[in-house]
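Coordinate analysis (summary)
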Amino acid sequence: ISTRDWSSDVCSSDLGALPSPVLPPSGRKVWRGHFVFTGLFFLSPLARLRHRPRRPVSGTNRATAMMDRVKVIQGDITKQAVDAIVNAANTTLLGGGGVDGAIHREAGPHLVSECRKLGGCPTGGARITKGYYLPAKHVIHAVGPIWQGGNSGEEELLARTYRSAFELAIQHNLTSLAFPAISTGAYRFPMDRAASIAVRETRNYLEWQLALKLVVFVCYERAAYDTYVAAVAETFG
Ligand code: APR
């Protein structure tokens, strides 16, 4: 009997699995198989071929494959035709300036009517609505933290904001997402720190959530674009 950790491989086996919980970013248990290949030799050659252990994707290949699923662009998030654009919202969800204002303007009045029924959202949380007149099918309203100097848990709150948005995308089987640089405008979060957090949380989800085919970081200004490009290069190697 040999026990191998094929968790990086997508092969599945009905030959028995001793799963071990690997906690993904959201904390939900995702069982990755430690497959015990017992009795393989009893199988027919074809079955043996089907159940053969496959080499895990090497680290480099995996990072490259993931990089194909991340894009950084300079532009306007309201123009992105993806499954969902993420709004840098506030806790009322009733609109505001910046990205929030732009999204509500482009989506039309039905958006705020739907948001009104949601009853607000806490910082670090996210809610989903339709996209209405936007090219995106949905809007995920994510409430990032206000920067207060960095000693009030802002970094963990921003990370949680991204995780909340990804959780909603997964629950709604969305495969393409566009994010603005959440909290880096009116909420004054330092751009470099925010970009590192955004890209790190994205990598964590892309690594285990294969259904997520594309994440686009839409940066309004050139400086933000350059910062995100550097953060992606740093995180994805
Ligand atoms: N597309 C993409 N990015 C944009 C756009 C746009 N159309 N407009 C602004 N941005 C960028 C800003 O340049 C900034 O880098 O989005 C980032 C976030 O800025 P804000 O929109 O100010 O969001 P945030 O810092 O999270 O503050 C949220 O501001 O608008 C209010 O209601 C909102 O109270 C909430 C607060």
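These notes cover the structure that comes with them.

Quick notes on the rules
- The written sequence of each chain sets the order in which its residues are numbered from 1.
- For this predicted model, a pLDDT threshold of at least 70 governs which residues receive local features, and a threshold of 80 or more governs which side-chain atom pairs are given and counted, while totals over whole chains, interfaces and linings are taken from all residues.
- Neither water nor hydrogens contribute to the side-chain values; these are computed over all heavy atoms in the structure.
- In this description a helix means any DSSP run of H or I spanning at least four residues, a strand means any run of E spanning at least two, and both kinds are numbered starting from the N terminus.
- At least two DSSP bridges between two strands are required for those strands to pair.
- Note on geometry: axes are lines fitted to C-alpha atoms, helical ones only across the stretch in contact, with angles between N-to-C directions running from 0 to 180 degrees.
- Whether two residues are in contact is decided by their heavy atoms: any pair within 4.5 Å suffices.

1. A look at unusual backbone geometry
With a phi close to 70 degrees, Ser 183 is a non-glycine residue in the positive phi region. For Ser 183, the location among the structural elements is in the loop between strand E9 (176–179) and helix H6 (191–208). Here Arg 188, not a glycine, exhibits a phi torsion of approximately 60 degrees, which is positive. One can find Arg 188 in the loop between E9 and H6.

2. Re the sheet that holds strand E8 (residues 138–143)
Read across the open sheet, the six strands follow the order E5-E10-E9-E6-E8-E7; overall the sheet is mixed. Each edge of the open sheet carries a strand with a single partner, namely strand E5 (70–74) and strand E7 (126–130). Strand-to-strand twist of the sheet, defined as the mean angle between neighbouring strand axes without regard to direction, takes the value 25 degrees. Bridge count for E7 against E8 is five bridges, and the pairing is antiparallel. By the bridge assignment for E8, Lys 130 is matched with His 138. The strands touched by helix H7 (residues 222–236) are E5 and strand E10 (214–219); relative to E5, the strand with the most contacts, the crossing angle is about 165 degrees.

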